[in-house]
Amino acid sequence: MDKADRKSSARASIKLGELNYTPVLIALAVVLLTIVVLFLWKRKKTVRSAVLFTGLCDSGKTYLFAHLCLGGARETFTSIKENVGSFKTERGRVLKMVDVPGNERLRGKFFDEYKNIAKAIVYMIDSVTVQKDIRDVADFLYTILVDKATSKVPVVVLCNKQDETLAKTETAIKSMLEKEINIVRQTRRSQLQSVDNSSSSDTFLGKSASVDFEFEQLGQRVRFVPCSAMEEQFAGLTKFLDTL
């Protein structure tokens with residue numbers, strides 16, 4: 001019995017000693033390398049490096065974009081594709097700037113294309129026509145604020161054309177948008193309920209349907225800043241960009 005045990009132990013020792021660990025080590029190295037490559041690729045893909053200029057057509061965003069990125073005002077037309085440039089802050093940091101077309105049929109497409117790299121969002125409003133266009137202005141802003149990709153990104157609502165007599169102040173525009181977003185969010189909520197008979201908190205902005213919406217309820221920073229691109233009065237924006 002003891003003799004048989006010694007033979008079995010000897011065979012086990014030989015097998016363990018002859019085992020080639022090289023394939024195992026190679027496989028582990030390949031797995032680790034794959035994990036590292038995937039991590040770096042995902043990190044590079046989701047890095048937030050751009051400031052998105054958004055808003056409706058004729059709000060003045062392309063004019064201001066040209067002034068910031070090209071060093072001076074340019075004659076502009078309704079954009080049918082994005083404009084990409086760079087802006088150097090007072091601290092010397094270079095920011096990528098993306099001017100998203102304001103056309104109703106294009107803005108959603110280009111916003112979706114760049115939203116995952118958005119470091120900040122500038123939402124430009126024509127302070128003269130805002131009351132007439134309030135539904136569209138509020139609807140597009142709602143889309144930006146409720147999107148998971150940009151729900152934590154700081155937003156500057158830039159109230160342009162403050163040099164004009166009929167321009168609404170940034171305080172008045174903020175109040176108008178809060179009232180209109182109350183309507184927009186209820187409309188969106190009703191549309192979702194009619195489709196799947198459920199309510200998703202991911203598509204609702206604010207505390208609850210029973211509480212009137214206010215921008216202070218949001219977890220992200222939303223600030224209203226007066227501006228006149230034509231008169232080169234946009235110090236509030238450049239000061240914000242300097243903090244990024």
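Calculation rules
- Residues numbered from 1 in each chain as written.
- Predicted model: local features only at pLDDT ≥ 70, side-chain atom pairs only at ≥ 80, totals over all residues.
- Heavy atoms only, no water.
- UniProt positions renumbered as here; feature names shortened; annotations may be inferred.
- Helix = DSSP H or I, 4+ residues; strand = E, 2+ residues; numbered from the N terminus.
- Contact = heavy atoms within 4.5 Å.
- Salt bridge = Lys/Arg side-chain N within 4 Å of Asp/Glu carboxyl O.
- Buried < 20%, exposed > 50% of the residue type's maximum accessible area, 1.4 Å probe, protein only.
- Core = buried A, V, L, I, M, F, W, Y, C linked by side-chain atoms within 4.5 Å.
- Phe/Tyr/Trp six-rings, centres within 6.5 Å; stacked < 30°, edge-to-face > 60°.
- Lys NZ or Arg CZ within 6 Å of the ring centre and 35° of its normal.
- pLDDT = per-residue confidence, 0-100.
- Expected span 1.5 Å × (residues − 1).

For the chain, the name recorded in an unreviewed UniProt entry is Signal recognition particle receptor subunit beta, with Anopheles gambiae as its organism. In UniProt, the chain has this text filed under Subcellular location (unreviewed entry): "Endoplasmic reticulum membrane".

### Digging into the environment of V222
Within the secondary structure, V222 is located in strand β6 (residues 222–226). Separated by 101 residues in sequence, V222 and I121 have C-alpha atoms that sit 9.5 Å apart. Contacts of V222, omitting those with residues within four sequence positions, involve L145, V155, V157 and F215.

### Focus on the pattern of salt bridges
One pass over the full model with this rule turns up 9 salt bridges. For the salt bridge of R91 with D242, the shortest nitrogen-to-oxygen distance reads 3.5 Å. Here R91, found in the loop between β2 (83–88) and β3 (94–99), pairs with D242, found in the segment after α7 (235–241); they are 151 residues apart in sequence, far enough to count as distant. Taking the relative accessible area as the measure of exposure, R91 reaches 67% and is therefore exposed. Given a relative accessible area of 14%, D242 falls into the buried group. For E180, the salt bridge goes to R135, with nearest N and O atoms at 2.5 Å. With E180 in helix α6 (residues 170–196) and R135 in helix α5 (residues 134–146), the pair connects residues that are 45 residues apart, well separated along the chain. We classify R135 as partly exposed; its relative accessible area is 41%. Through salt bridges that share partners, D112, K115 and D147 make up one connected network.

### Section: the nonpolar core
In this structure, Y123, L177 and F215 are the most contacted members of the largest nonpolar core, which totals 38 residues. Elements that contribute at least two residues to this core include exactly β1 (50–55), α4 (107–114), β4 (118–126), α5, β5 (155–160), α6 and β6. Counting residues per element, this core draws most heavily on α5, at 9 residues. Not counting residues up to four positions away in its chain, the partners in contact with L177 are I125, I134, V137, A138, L141, F215 and F224. If you look at the next biggest cluster of nonpolar residues, it comprises 23 residues, including Y63, L64, C69 and F234.

### Some thoughts on the packing of aromatic side chains
The geometry of an aromatic ring pair is captured by two quantities: the separation of the ring centres and the angle between the planes. In the structure shown here, the tally under the stated rule is 5 aromatic pairs. Aromatic side chains F53 and F65 sit 6.2 Å apart centroid to centroid with 75° between the ring planes, which places their arrangement in the edge-to-face category. Of this pair, F53 sits in strand β1 while F65 sits in helix α3 (residues 61–70), placing them 12 residues apart in sequence. Of the two residues examined, F53 and F65, each falls in the buried class. With 5.1 Å between their ring centres and 75° between their planes, F213 and F215 make a pair best called edge-to-face. Taken together, the aromatic side chains of F111, Y123 and F140 make up a single cluster linked through ring pairs. Between K109 and the ring centre of F110, over which it is positioned, the NZ or CZ distance is 4.1 Å.

### Structural notes on the confidence of the model for the chain
Regions with low pLDDT carry predicted coordinates that are not meant to be interpreted in detail. Per-residue confidence for the chain gives a mean pLDDT of 85, with 79% of residues at or over 70. Across the chain, β5 holds the top mean pLDDT of 98, while helix α1 (residues 2–18) sits lowest at 53.

### Details of α5
Three- or four-residue spacings in an α-helix give side chains the same orientation, since the helix completes a turn every 3.6 residues. Taking 1.5 Å of rise per residue, the 13 residues of α5 would be expected to cover 18 Å, and the 18 Å separating its terminal C-alpha atoms lies within 8% of that figure. Of all the residues in α5, the buried ones are I134, V137, A138, F140, L141, Y142, I144, L145 and V146.

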